[in-house]
Amino acid sequence: MRTLTTQNIRLLSGLILFAFAATHFLNHAVGLFSLEAMDEVQEWRLVLTRSWPGMIVLLAALLAHAVLAVAKTIQRSSWRLPAWELIQLVTGLAIPLLLLPHIVETHVAHALFGVQDNYLYALALIWPRAAWIQTTLLLLVWVHGCLGLHHWLKFRRWYRLAQPALVVLAVAVPMAALMGFVVSGRAVAGLLSDPAMADRMRQVTHWPSELDSKWINLLQLSARIAVAALLVAGATIVVFRHIALLAAPKVAVTFPNGATVQAAIGPTLLEIIRSNRLSDRSECGGRARCGLCRVRVLEGAETLPPPGHEERAVLTGSSAPEHVRLACQIRPATPLTIAPLVDGPGALMQVNEQADAQGERRAVCLVQIRVRAFATIAGDRLASDLVFMMNEIFGAVSGAIEANAGRIDRFLGDGVLAVFGEQRGPDQGCRDALQAIGAIDLAMDRVNEKIAAEIGRPVELAIGVHVGEVVVGRLALGRMTRVAVLGTVTDVPARLAALAQRKGWQLALSGHAARAAGLHDVAGLAQETLADAEQGGDLDAVGVLRARDVAPVARAAPDAPV
């Protein structure tokens, strides 16, 4: 929230509205005790919400959230959205149709006609005739708000620990509110069954006259018509905007293997990927939070505007190198060549699907990263503590790998096997691998600040690097398919990582990998020889105490052709 942006304004306004809704629903829940308690709690709430500052803040939040949400919806160029985004969009559009008439018959009736819109008045008006409308409105508001909160907070580490308790709250609050609404509604209906009590209630609440009721009904109808007209106008703008995009100038977006899509100028790169049925792993709805749409811009990076505040924060947090951008934040206006960096069923995998299904031989750089003394770390710790610590470690490892054009091929329980150079060639893959390993070494400093005290010592890694020919193919594992590397050469990085662990090194490279990465002068580094009968001879190995010391050498090496 340090920088005022439309995204931050939408977030802040949403938080204000959610806080208002949550306290309002908790006020409903007090109806489980008594109607008098509901009114007493409401009086305390109205001191804030009916004050001029409170009303200004609430009205500003409501207008800002609605206007910015409508603007974002109209600007969408692709409607291939994940289920949670569709649910949030539909609930967001439905809420005004039910909310504005309710505001008219309570707050507006109070302001214009002097109605005392306490719970006695509201329940007498609603129960049981319109109870289903209020129930639907409550659920729509709560689902919409909880979805927004979840997809904002889910990228924060503390949220994972607090999530079970928050899920209980997310279920308990609306349930308690609805039960309080039902109990108090029945109580009021029982009171009003007595004609004398009904007349007394009308006097106490200054029940609107027949003429006032006609005006309230007219205002409610006008509110519904206004909302419907705005929805129709928005839908019309969306249709005409999509027609305009069909006729707009096109720009070519090329993937590493040469596959090219033609896209209109204007949409974000993430929308272009989705529009062309190339799946992605973005989980934040294009809000620059998750970082899972990171791409390396191989050609055309200089034509893009610099990253904004949100994008820069995500890229800095993931130690992204130069020319790595978020697909949800860039709008191509000139031809680009890009490579998605996050492993999974993404666009890069889609364009190689035919080759992967058949399998092909490629020379690649393989990196195995293992956690030293994993048995000590696991020990007798709680499962949740172990998962938290390993998530911290794997988060640092995977972030550096993906940011340097690599992908994680498989998890090994206490480590990972990563592949570099599938698209850029083995030499560049080795240089990318050393860059990633150097970034991992630095990132582990930050990880150890969080978890070293829990373990009793810093976490250390043992890393093996080798370059060789493997078979790359798409394997079917039940209903799931994924691209994997096959071959006996995949065992070599494991042997090198074991050597590094025995010798007290952080990194062990085969001689082939060291030369491919540009480490031609290894005289000052430790050297060993591994017997390697399967590969047809001995294997030279180079040992490095700290990987960060060799990463600058890889950065200085000449780029291999792409």
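Below: a short report on this structure. As the structure is a computational prediction, the values presented were derived from the model and not from experiment.

Cut-offs applied
Residues numbered from 1 in each chain as written. Predicted model: local features only at pLDDT ≥ 70, side-chain atom pairs only at ≥ 80, totals over all residues. Heavy atoms only, no water. Axes fitted to C-alpha atoms, helices over the stretch in contact; angles between N-to-C directions. Helix = DSSP H or I, 4+ residues; strand = E, 2+ residues; numbered from the N terminus. Parallel < 35°, antiparallel > 145°, perpendicular 65-115°, else oblique. Left-handed = near helix turned anticlockwise from the far one by under 90°. Contact = heavy atoms within 4.5 Å. Nonpolar A, V, L, I, M, F, W, Y, C, P; charged D, E, K, R; others polar. Patch = residues over 30% accessible without salt bridge, like charges linked within 9 Å, V, L, I, M, F, W, Y side chains within 5 Å. Areas by Shrake-Rupley, 256 points an atom, 1.4 Å probe, with all protein chains shown as cover. Salt bridge = Lys/Arg side-chain N within 4 Å of Asp/Glu carboxyl O. Buried < 20%, exposed > 50% of the residue type's maximum accessible area, 1.4 Å probe, protein only. Core = buried A, V, L, I, M, F, W, Y, C linked by side-chain atoms within 4.5 Å. Phe/Tyr/Trp six-rings, centres within 6.5 Å; stacked < 30°, edge-to-face > 60°. Lys NZ or Arg CZ within 6 Å of the ring centre and 35° of its normal. Lys, Arg positive; Asp, Glu negative; His and termini not counted. Pairing = 2+ DSSP bridges.

So, on to the packing of helix α15 (residues 383-403) against helix α16 (residues 426-455). Axis separation between α15 and α16 bottoms out at 8 Å; the angle between their running directions is 165°. In this view, α15 runs roughly antiparallel relative to α16, as classed from their interaxial angle. Crossing angle aside, the handedness with which α15 passes α16 is right-handed. In this structure, α15 uses F388, M389, E392, I393, A396, V397, A400 and I401 to contact α16, whose residues at the interface are A436, A439, I440, A443, M444, V447, K450, I451, E454 and I455. Across the contact of α15 with α16, the residue classes break down as 15 nonpolar, no polar and 3 charged.

So, about a nonpolar patch on the surface. Among the surface-exposed residues, L32, F33, V167, V171, M175, M179 and V183 lie close enough to one another that they form a single nonpolar patch of about 680 Å² accessible area. Judged by its relative accessible area of 45%, V167 is partly exposed.

In terms of nonpolar packing, the biggest core is built from 45 residues, with V367, I369, I393, I401, V465 and L507 touching the most fellow members. For this core, the secondary structure elements donating two or more residues are β6 (360-371), α15, β8 (415-420), α16, β9 (461-477), β11 (507-510), α18 (511-516) and β13 (539-544). In terms of residue count, the dominant contributor to this core is α16 (12 residues).

Here we come to the packing of aromatic side chains. Evaluated as defined, the whole model comprises 6 aromatic pairs. On the basis of an interplanar angle of 65° and a centroid distance of 5.3 Å, the ring pair of Y121 and W207 is categorised as edge-to-face. Note that Y121 is positioned in helix α5 (residues 119-126) and W207 in the loop between α8 (195-204) and α9 (210-247), a separation of 86 residues in sequence. For W207, a relative accessible area of 22% corresponds to the partly exposed category. Taken together, a centroid distance of 6.1 Å and an interplanar angle of 90° make the contact between W158 and Y159 edge-to-face. Classification of W158 as partly exposed rests on a relative accessible area of 47%. In this structure an aromatic cluster arises from ring pairing among F18, F25 and W142. Against the face of W207 rests R202, its NZ or CZ located 4.8 Å from the ring centre.

Moving on, we come to the pattern of salt bridges. On inspection of all chains with the given rule, the structure shows 16 salt bridges. Measuring nitrogen to oxygen at the nearest pair gives 3.7 Å for the salt bridge that ties E85 to R274. One end of the pair, E85, is in helix α4 (residues 83-113); the other, R274, is in helix α10 (residues 269-275), and 189 residues separate them in sequence. A relative accessible area of 4% means that E85 is categorised as buried. Its relative accessible area of 9% is what places R274 among the buried residues. The network of salt bridges with shared partners includes R362, R407, D409, R410 and E422.

Take D39: it is sitting in helix α2 (residues 35-49). Although buried, D39 forms no salt bridge, and the nearest oppositely charged side chain, R45, lies 9.0 Å from it. Ignoring sequence-local partners within four residues, the contact set of D39 consists of N118, Y119 and L120.

Next up on the list: the pairing of β13. On a regular strand, one side chain projects to one face of the sheet and the next to the other, so that they alternate. β13 sits mainly inside the fold: 5 of its 6 residues count as buried. With 4 bridges connecting them, β11 and β13 associate as antiparallel partners. Along β13, the bridge assignment pairs L507 with V544. By the bridge criterion, 5 bridges tie strand β12 (residues 526-530) to β13 in an arrangement that is antiparallel. Across the sheet, A526 pairs through a bridge with G543, a residue of β13.

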